[in-house]
Every structure is written in C-alpha cells, then in structure tokens.
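Residues per chain are reported as follows:
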Amino acid sequence: MMQFSPDPYVAEQQIKAVIFSLVAFAYIDSEFALAEKQFIRDYLAKLADQRATGVLGDDGIPRDDIVDRWTAHYHEILDEHDAVIRGHFTESVAVGETSEQFVLSRLKLGCFELLSHFDDQGQQEILSTVTELMHADGVVAPEEQAFVDEIIDLIHKPIELDEADIVAIDEGPLVIDEAQTLEPRTANHPFLNQFEWDFARDPATFAQQSAQDMALVDRVMGILEQKRQEGIGKLAAAGSFAAFTEGPPILDGHVWVAPTTPDKNYELIVVGDLHGCYSCLKAALMQSDFFAKVEAHRQDPQNHPATSLVLLGDYIDRGKFSYSGTLRSVLQLYAAMPDNVFMLRGNHEFYIELKGRVVAPVRPCEAMDSIAQLADNEMFVKYMNLFEALPNCLVCDSMFFVHGGIPRSDTMAEKWRGIQSLNDREMRFQMLWSDPSDVDVVPTDLQKQSARFPFGRKQFQQFMSKVGCRMMVRGHERVTSGFSKIYNDPEGVLVSLFSAGGEHNDDLPKRSNYRQVTPMALSIRYQQGATTLSPFLLDYGRYNQPEYNAFFKDKLAT
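About the thresholds
Residues numbered from 1 in each chain as written. Predicted model: local features only at pLDDT ≥ 70, side-chain atom pairs only at ≥ 80, totals over all residues. Heavy atoms only, no water. Helix = DSSP H or I, 4+ residues; strand = E, 2+ residues; numbered from the N terminus. Rg over C-alpha atoms; globule rule 2.2 N^0.38 Å. Buried < 20%, exposed > 50% of the residue type's maximum accessible area, 1.4 Å probe, protein only. Contact = heavy atoms within 4.5 Å. Areas by Shrake-Rupley, 256 points an atom, 1.4 Å probe, with all protein chains shown as cover. Lys, Arg positive; Asp, Glu negative; His and termini not counted. Charge placed at Lys NZ, Arg CZ, Asp CG, Glu CD. Phe/Tyr/Trp six-rings, centres within 6.5 Å; stacked < 30°, edge-to-face > 60°. Lys NZ or Arg CZ within 6 Å of the ring centre and 35° of its normal. Pairing = 2+ DSSP bridges. Axes fitted to C-alpha atoms, helices over the stretch in contact; angles between N-to-C directions. Salt bridge = Lys/Arg side-chain N within 4 Å of Asp/Glu carboxyl O. Core = buried A, V, L, I, M, F, W, Y, C linked by side-chain atoms within 4.5 Å. Parallel < 35°, antiparallel > 145°, perpendicular 65-115°, else oblique. Left-handed = near helix turned anticlockwise from the far one by under 90°. Nonpolar A, V, L, I, M, F, W, Y, C, P; charged D, E, K, R; others polar. Polar contact = N/O pair within 3.5 Å; in protein donor to acceptor, adjacent residues only side chain to side chain.

With respect to the overall build of the protein
When its secondary structure is counted, the protein shows 18 helices and 18 strands. Taking 558 residues into account, the globule formula puts the C-alpha radius of gyration at 24 Å, and the protein, at 25 Å, falls close to it. When its C-alpha atoms are laid out on the principal axes, the protein stretches across 80 × 60 × 50 Å. When burial is assessed residue by residue, the protein has 55% of its 558 residues classed as buried. Intrachain contacts of the protein at a sequence separation of at least 6 include 71% that bridge at least 24 residues. A total of about 23600 Å² of accessible surface is found on the protein, and carbon and sulfur atoms cover 50% of it. The protein carries 50 positive and 82 negative side-chain charges, and their two centres are separated by 6 Å.

Here we look at the packing of aromatic side chains
Within the structure shown, the criterion is met by 23 aromatic pairs. An aromatic cluster of at least three residues, connected via ring pairs, comprises Phe-191, Phe-195, Phe-290 and Phe-291. Looking at Arg-328, its charged tip hangs above the ring of Trp-197, at a distance of 3.5 Å from the centre. Against the face of Tyr-548 rests Arg-542, its NZ or CZ located 6.0 Å from the ring centre.

Considering the sheet that holds strand E4 (residues 255-258)
If you walk across this open sheet you meet the seven strands as E3-E4-E10-E11-E14-E16-E15, and the pairing is mixed. Each edge of the open sheet carries a strand with a single partner, namely strand E3 (250-252) and strand E15 (483-489). Sheet twist, expressed as the mean angle between neighbouring strand axes with direction ignored, is 15°. Docked against the sheet, helix H8 (residues 203-231) engages E3 and E4, running at close to 85° with respect to E3. Against the sheet, helix H18 (residues 457-467) makes contact with strand E11 (399-402), strand E14 (471-474), E15 and strand E16 (492-497), and its axis sits at roughly 75° relative to E15, the strand it touches most.

Some thoughts on the pairing of strand E5 (residues 266-271)
For E5, the tally of buried residues reaches six of six residues, placing the bulk of the element in the interior. Because side chains alternate across E5, one face comprises the buried residues Tyr-266, Leu-268 and Val-270, and the other comprises Glu-267, Ile-269 and Val-271, equally buried. Inspection of the sheet shows E5 paired to strand E6 (residues 306-311) by six bridges, in the parallel sense. Within the sheet, the bridge partner assigned to Val-270 lies in E6 and is Val-310. Pairing of E5 with strand E17 (residues 520-527), which is carried by six bridges, proceeds in the antiparallel orientation. Its bridge partner being in E17, Leu-268 is matched across the sheet by Ile-524.

Considering the pattern of salt bridges
Tallying each qualifying case throughout the model produces 31 salt bridges. The salt bridge involving Lys-293 is made with Glu-267; its shortest N-O contact spans 3.0 Å. Residue Lys-293 is located in helix H11 (residues 290-299), and its partner Glu-267 is located in strand E5; the two are separated by 26 residues in the primary sequence. Note on Glu-267: relative accessible area 6%, which makes it buried. A salt bridge links Glu-366 to Arg-318, with the shortest nitrogen-to-oxygen separation between them at 3.9 Å. With Glu-366 in helix H13 (residues 366-371) and Arg-318 in the loop between E6 and helix H12 (322-336), this residue pair connects regions lying 48 residues apart in the sequence. Given a relative accessible area of 27%, Glu-366 falls into the partly exposed group. By relative accessible area, Arg-318 is classed as buried at 9%.

Comments concerning the pairing of E16
Most of E16 is tucked away, with six of its six residues classed as buried. Burial of E16 is two-sided: the residues Gly-492, Leu-494 and Ser-496 facing one way and the residues Val-493, Val-495 and Leu-497 facing the other way are all buried. Across four bridges, E14 lies against E16 in parallel orientation. From the neighbouring strand, Met-471 faces E16, where its bridge partner is Val-493. As defined by bridge partners, E15 adjoins E16 across six bridges and the pair is classed as antiparallel. Looking at the pairing, Lys-485 lines up with Val-495 of E16. Between E15 and E16, which pair antiparallel one after the other, the connecting turn spans two residues.

Quick look at the nonpolar core
Judged by nonpolar contacts, the single largest core of 96 residues is most densely connected at Val-270, Phe-290, Tyr-323, Tyr-351, Tyr-383, Phe-401 and Ile-524. Per-element accounting of this core gives the leading share, eight residues, to helix H14 (residues 377-389). Setting aside residues up to four positions removed in sequence, Val-270 forms contacts with Val-310, Leu-312, Phe-401, Val-473, Leu-497, Ala-521, Leu-522 and Ile-524. Within the second largest apolar cluster, 50 residues are counted, among which are Tyr-27, Phe-32, Val-103 and Leu-133.

Some points on helix H10 (residues 278-287)
Most of H10 sits out of view: ten of its ten residues are buried. Of all the positions in H10, only Tyr-278, Ser-279, Cys-280, Leu-281, Lys-282, Ala-283, Ala-284, Leu-285, Met-286 and Gln-287 are classed as buried. Asp-289 sits one or two residues past H10 and shows a positive phi near 60°.

Quick look at the environment of Ile-316
Note on placement: Ile-316 falls in the loop between E6 and H12. C-alpha of Ile-316 to C-alpha of His-348: the two residues are 32 residues apart in sequence and 6.8 Å apart in space. With sequence-adjacent residues up to four places away left out, Ile-316 is seen in contact with His-275, Gly-276, Ser-322, Tyr-323, Leu-327, His-348, Glu-349, Tyr-351, Ala-367 and Phe-387.

Some details on the packing of helix H1 (residues 8-26) against helix H4 (residues 99-116)
One way to put it is that H1 packs onto H4 with a least axis distance of 10 Å and a crossing angle of 160°. Classified by the angle their axes make, H1 and H4 are roughly antiparallel. Crossing hand, H1 versus H4: left-handed. Contact with H1, carried on its side by Lys-16, Ala-17, Phe-20, Ser-21 and Ala-24, involves Arg-106, Leu-107, Gly-110, Cys-111 and Leu-114 of H4 and no other residues of that element. Of the residues in the contact of H1 with H4, the class split is six nonpolar, two polar and two charged.

Things to note about the side chain of Asn-377
Counting through the fold element by element, Asn-377 comes out in helix H14. At 3.3 Å, the side chain of Asn-377 forms a polar contact with the backbone oxygen of Gly-356. From its side chain, Asn-377 meets the backbone nitrogen of Val-358 in a polar contact 2.9 Å long. If near-sequence neighbours (up to four positions away) are discounted, Asn-377 is found in contact with Gly-356, Arg-357 and Val-358.

Below, the structure written as structure tokens:
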C-alpha cells in the first residue's frame, strides 16, 4: 500500500491523485459500476487505516474516530471526482468525436495534471498504488495497461517550450474586484421589448416570422462585410496591436481591434456563454445600464466613458430561447450599434453542410432541434453562413477576448507569422475549443487527442507574448462560480466568464446542469491608466417575470 508523506498537505494531494486515478481507470470502459465503486471505497478505508497507523503508530493511541473521519473524507473526494467525470459526458463534443473519446482525453489530462505536481519518487509511489489495485482481481485489461503506459510516457516527455519567448507586459495597475450585486437603474428597455416573441408553431406564421429574422441576418452580414472590406490587410501592415492607437473599431478578417488612447476612459460590459438564457442577457444589459451609458457618451464624450458590449459566443443551445431570444437580440444590438457591440463566435455557432443538408455537428444541438420540424434547409444555411462570418476575437488595449483559448502548440509553431495569423482557419477553430490546465505545459500528444484540448500556463504566456497582450477574457467552460481567475501572473492574466445558468432559471430545462452555475457578467473599466475588473451577479430571476420579459407572458394566465 501507499506510503504517505508526513507533510499533511502533501499527503492530501497524494490521496487526491490516487482517488482520481482509480476513478479514471474505472471509467476507461465509460461505465463506473457499483461493484467497482464499492471496491474502491473499501480500499480507501484501508488507506485511511494505514495512514492513521503511520501518523499515530501502534502504541495504543485511540484512532477509530480519526480513521472514520479520514475514510468519510476520502469517500467525499471519490464522489466529487465521480460527479465531475459524469459531468464530462454532458459536455459538447466536436465533429468526428464521441463523448467517450472526449471523456477519455479528460481522464488522461486529470491524471497528468495531478501527477505533474509530484517529483519522480512521488509519481512512482502513486502509480505503484494504482498498479497494485489494478492487479487486485488478478486480471489487468489491455486498455487499463495502455492507459497507465500512456500516462507514464506523458509525464516523462521533455518540455519543448522556449521560455525566452515569454515576456511580462506592464500596462499599468490591474485590479480584480470581488463579485458585486448591481441594481438596475431601470428594469426594462423598449429596444429589447420589441424582440421578445417566440416562433409560432403553425407553418404559415412561422414562415413570416423566420423571414424577418433572416432579413436581420442579411443585414448583420452586410455590416460585417463592409467592416471587413475597410479593414483588409491592416493586421499585417501594423505588425503589432500596439500600432492601433486611435479611430473606430477595425475588423480584419475575423479579428476585431478596438483602438484606445491612454488619456480617455472607457468601459467594456462583457457577457460570457448565454446558451439560450435570454433572461441572463437582459439582466446583464439592464444591470450594467448599457443603453444609457452608450447614449451618455454619444451626447457628451468628454465627461462619459466610451462603453461597449463584448459577447464571447455560444448564444444558442441548452436553454429555451436560442434563436428567438438570445441570438435575435444580439443581432439586433449589433445592427443598431455596430461600433459599440462586439459579437464573437462560440464553438456552438458551428454548422456544416452534409449531403445537401445543414447539420449541427456540436451535440447536443437543442436550438436546431427546436425548429427542425418547421424550418427549411435555407434557414439553416443562413445561420451557417452567419456563424462562419462571426469574428473570432477582439483586442482592446492589452486585453484579448475569445471564446475558448489559444491554438495548439504545434499549430502555433507551424503557422504563426504575426498577428495576421489569427485569421488562419485552423487556428480560429482551435481557439473556439481549448481550455486552460493547471500545469505549465501540456504535451502536444495529449493536446491532439481531443478538439477540446488543454493548454498550460507557460503555453498561455508564450501566446500572450506573441500577441502583445497582458490579459485574456474567455468563456467556454461551465464555471459554476460564474467568474474565475485561472492565471494571475505578470506574464499573463487569464479569467473565465460564464453567463448562462441559475438554480431557479426558467430559461433552462429542469434537469440542466447549468442550474449549478451562478451566472455572472463583467464590467471592465479603464480610467487614468488603471484597469479594474468587476464581475457582477446576474439577476435572472427578475427577468423570468412577465412584467420584465414577454417570453414569460404565459405566466400571467396561471
């Protein structure tokens, strides 16, 4: 059995690594059977007893209470890891990938992350314990041995990253506030009210309504195309984002640049994944007083900061109000205020054409399914083309906004030629899907195992040095706290934002795991050379009420 470190902190990390590894092995065949779980629970009780003996010795000191408490604690860790892994099966996967393949890649990542925090002796101790348990029933399945061999290979791979490429970017003070509660100055706005109608279920009315939305799609694509024509080649010509110091926003390909000047103040209202949660979008707009701030700056730019809305993508799927609520309103906002709204693409905004029909390869695809019996293929063609036209990222000052994260290391090595490379199709796709890891470097072999691949802290810092930015704001991950600081270093700050969710949010199906999320939005203020991030809780409950949200007008009849 395992030899625990005398250091309580290290011993706790050892047991977490062992428990995750054991649960990971149990899930290799995609199913954690009750018999397997009970076997592990019994084994953990023995580990608790062994650890108590190591700490207290055999000289008669009462230890039953300690053993019971440690056993209960280990069982809690087991249940937590089990819940996290089961949650992976509900995550969206890319085209050509199954949920089982995605989960297997996450199991490998979890083992790699936990083992990477130990020295060679500590890793060997944990792996020996896992191997001992693998042989407990006398039979080691080939896939189990292959899993162990791959993990051992990954943790011993040499790190291939030149830290000379990493530089700290000093852009003045950066403050990240605790989450706030904001009361809306006004609880409603006529701009939003006019679009709060759902698609009818009879074909004739649906056809009329969908024609209106398709005209809106055409209008938005026309605006984007005009912006692109004006911005062609400006990234390559500038060479650096620092060269953009004044003027209106620039769209070169799929990259937005919002120039700023140090002597002016501005505010960005940032909204993460919305996933059909229209109440969360409306809450973010009303609580931040977005409409009034835009108008105040227009009327008196000297005394009011320039205010913009940044949307990090994933407008559709999961929630009840995808096309008719969230996406329609976002498109109307952009059409009305194209210099104040930055609408980025998420991984769910991805449709493809297959055998003459448009399909949604990112599953589940609740938005498409919700109107599949009413909409013709041409409507989905319009949405597909819109999604392809959406920009991927925004650079404002030294801040980088994107849905997912950074490209794979091998892709960067092969394709990076300067900031214009952000328009490369493969890099754009990878930046919709990637997630941060708590290790410094994730081996390329592990990155290649899933479209939703991980990247490490130093890989992130290297990317930020190349683009010349200090902070990245991203969405994509179901962060249950709504807002999270991932990396906070001089060489790069990374925060995650998730704006869909709410335990009692009627925008979501009853069994949605997004109800575990406390949805948040983010205010970023730049004033006198200092940048302040202020996350705020979204009051979705107010906007589940028919007096503030016409999508819930049926509640008035109950």
